[in-house]
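Descriptive structure summary
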Amino acid sequence: MPRPLGIPTSAARPPRRPQGRRFLASAAVLAVTVASGALVATTSGPAAAEPANAHCGTSTGDTGTQSWTDHAELGERLSRLERQHPDAIAVEQAGTSNRGRAIWTARVGTGPEVVLVTSEIHGNEKTGTEALLSLLSTLSADTPYARSLRKQITLVAIPKMNPDAAELDRRGNDRTWQEIVADFPQLAGAKPGWNYYDRTMQGDDYATRPGSDVNRDYNPDLGYVPRPQDFPGSSAQPGWYVQPESQTVRDVYTGLQREKGAVDVYVDLHHQGPCYVDEAGDDRVTMSLSGQFVPDPGTPEGSEYAEYAEYADSYRYDFSRRLNVAAYDALRSYGESPFGNITLYPQGLDLPGTALGSFALNGSGTVLFEVRGQTQSWGAKQRGQLNATVARGLTGILESVADGSVQDIDPERYEEIPTTDR
């Protein structure tokens, strides 16, 4: 089984120059498709086509539970990959969930460009996990393509970072406020965080099993210690690192900073409502992208947010925009089918309590993937096609970072991506 985490520490690296190498996109797509079980071959028509029985609200539908990789299966598959390719992939336990489940990392490559990817911060958003397993299989293989990419990239994936929520097939984790206070006695008497769920909602009985939205528990201050005066907080304020799941991701991030000097790219894999449409209002969205989660502190607009001023020199918004365009181009190179309607997630957000917002302020180029539909509303329908969308978008990012071509992308092209109408 995966071994304990042990990230070494080394001196910060010197500045890097793009390597100028060009990878063959067709080879990567073929590899991902094969590793994913011929995902694309099973689909027909535009990816945005809506099945007649899909739910467009909060109704409970076919969750397709048996078709997704659960926690035990994930451990088995990661261990198998490590046994098959011990020189190419390293699997480690980075942390433990509140209910005692292992949170694993899978690491491929030794290159100078560091990419961290997380999935299932919300336990009902599962396609990212499947896509990462396919991608890890491709990149750990003994092929010229994989070997070349591994020389340029260090990819660290956390395929299921909120396993308690994943097992419950719900958004929030499984942790009471009383358990939080037991770990942080200084919070006795403080109100629970605004993101704490303790009532029945959207078919999930948080009244009997409370939990929190872990994706609001991050803080740009990576050494922050929870203070009672910072609760209950709000969506526009930082989080507190009171959840073991967010603490684990934070610790992986800071460990990579110590070892490699920086985390160049952070990608977070999510889902969104199944029936969002594009700005024209007439086409279902397959996936949305975004690189903007907090105001840019280096702009006149962002300078109004005094709490972000210390991060102005590290924030790399143009790099984030380039990364998003790289994913967009990789998907759109295949036209309307099979990858369909790719849009830009709503902009103008101020979410410093998300991993994306916190890590962007700490200097990482950031990309949000929001593939269509939670499991409650989408189930296993078009599962293969959506998994392939995530895998192909990730591949486009990795290739562009590895060969340096991401630096040639005009960041203003980001503004030309069609927007999502929610």
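Please refer to the structure higher up on the page.
Residue numbering note: each chain is counted from 1, following its sequence as written. Two thresholds apply to this predicted model, a pLDDT of at least 70 for residue-level local features and 80 or more for giving and counting side-chain atom pairs, whereas whole-chain, interface and lining totals are computed over all residues. Note that the side-chain values use all heavy atoms of the structure and ignore hydrogens as well as water.

A tally of helices and strands in the protein chain yields 11 helices and 15 strands. The classification of residues rests on relative accessible area computed with a 1.4 Å probe and restricted to protein chains. Under 20% of the type maximum is buried, over 50% is exposed, and intermediate values are partly exposed. Taking all 422 residues of the protein chain together, 58% fall into the buried category. Long-range contacts, defined here as pairs at least 24 residues apart, represent 81% of the contacts in the protein chain between residues at least 6 apart. Surface summary for the protein chain: the accessible area is close to 16,300 Å², and the carbon and sulfur share equals 49%. Helix and strand assignments come from DSSP, with helices taken as H or I runs of at least 4 residues and strands as E runs of at least 2, each series counted from the N terminus. The contact criterion used throughout is that any non-hydrogen atoms of two residues lie within 4.5 Å. All accessible areas in this document rest on Shrake-Rupley with a 1.4 Å probe, and a residue is counted as covered only by the protein chains that are shown.

With axes taken as lines fitted to C-alpha atoms, and helix axes fitted only over the stretch in contact, angles between N-to-C directions fall between 0 and 180 degrees. Direction vectors running N to C along helix H2 (residues 71-84) and helix H3 (residues 127-139) enclose 10°, while the axes themselves pass 11 Å from each other. Classified by the angle their axes make, H2 and H3 are roughly parallel. Along its contact with H2, which presents Leu-74, Arg-77, Leu-78 and Leu-81, the element H3 presents Thr-129, Glu-130, Leu-133, Leu-136 and Ser-137. In this classification, the charged set is Asp, Glu, Lys and Arg, the nonpolar set is Ala, Val, Leu, Ile, Met, Phe, Trp, Tyr, Cys and Pro, and all remaining amino acids, among them Gly, are polar. Among the residues making up the contact of H2 with H3, the classes are represented as 5 nonpolar, 2 polar and 2 charged. Note on angle classes: values under 35 degrees are labelled roughly parallel, values over 145 roughly antiparallel, values of 65 to 115 roughly perpendicular, and the remainder oblique.

Time to look at the nonpolar core. Inside soluble globular proteins, nonpolar side chains tend to come together where they are buried. The criterion is simple. A nonpolar core is a set of buried Ala, Val, Leu, Ile, Met, Phe, Trp, Tyr and Cys residues joined through side-chain atoms within 4.5 Å. Among the nonpolar cores identified, the biggest contains 60 residues, and Leu-136, Val-267, Phe-369, Leu-394 and Ile-397 are the most heavily contacted of them. Top contributing element to this core by residue count: helix H11 (residues 383-403), with 9 residues. Apart from the residues within four sequence positions on either side, Phe-369 is in contact with Val-267, Asp-268, Leu-269, His-270, Met-287, Ser-288, Leu-289, Ala-327, Val-390, Gly-393, Leu-394 and Ile-397. By size, the runner-up hydrophobic cluster in this structure holds 24 residues, among which are Val-214, Val-252, Phe-293 and Leu-368.

Below, the discussion takes up the packing of aromatic side chains. Stacked, edge-to-face and tilted labels apply to pairs of Phe, Tyr and Trp rings (six-membered ring for Trp) whose centres lie within 6.5 Å, assigned for plane angles under 30 degrees, over 60, and everything in between, in that order. Scanning the entire structure with this criterion turns up 11 aromatic pairs. Aromatic side chains Tyr-315 and Tyr-317 sit 6.3 Å apart centroid to centroid with 15° between the ring planes, which places their arrangement in the stacked category. Both residues of the pair, Tyr-315 and Tyr-317, count as buried. Across the ring face of Tyr-241, the terminal group of Arg-250 is positioned such that the distance to the ring centre comes to 4.5 Å. Remark: a charge is flagged as sitting over a ring if the NZ atom of Lys or the CZ atom of Arg is within 6 Å of the ring centre and within 35 degrees of the ring normal.

Next up on the list: helix H7 (residues 244-260). The length a helix should cover is 1.5 Å for every residue beyond the first. Between its terminal C-alpha atoms H7 stretches 24 Å, which fits the 24 Å expected from 17 residues at 1.5 Å a residue. For H7, the buried fraction is high: 13 of the 17 residues fall into the buried class.

Turning our eyes to something else, we now look at the pattern of salt bridges. Any Lys or Arg side-chain nitrogen located within 4 Å of an Asp or Glu carboxyl oxygen qualifies as a salt bridge. With the rule as written, the count across this model stands at 18 salt bridges. The salt bridge partner of Glu-130 is Arg-77, with a shortest N-O separation of 4.0 Å. With Glu-130 in helix H3 and Arg-77 in helix H2, this pair connects stretches of sequence that are 53 residues apart. With its nearest N and O atoms 2.8 Å apart, the salt bridge here joins Arg-321 to Glu-412. Taken together, the residues Arg-321 in helix H8 (residues 317-332) and Glu-412 in the loop between H11 and strand E15 (420-421) connect sequence positions 91 residues apart. Overall, Arg-321 belongs to the buried group, its relative accessible area being 6%. Given the relative accessible area of 43%, Glu-412 is considered partly exposed.

Further remarks concern unusual backbone geometry. Cis geometry marks the peptide bond from Phe-231 to Pro-232, where omega comes out at 5°. Relative to the helices and strands, Pro-232 is located in the loop between strand E9 (211-212) and H7.

A rise of 1.5 Å per residue sets the reference length of H11, with its 21 residues, at 30 Å; its end C-alpha atoms lie 30 Å apart and thus fit the reference within 8%. Burial analysis of H11 places 20 of its 21 residues in the buried class, which makes it a mostly covered element. After H11 finishes, the residue Gly-404 shows a positive phi value of roughly 85°.

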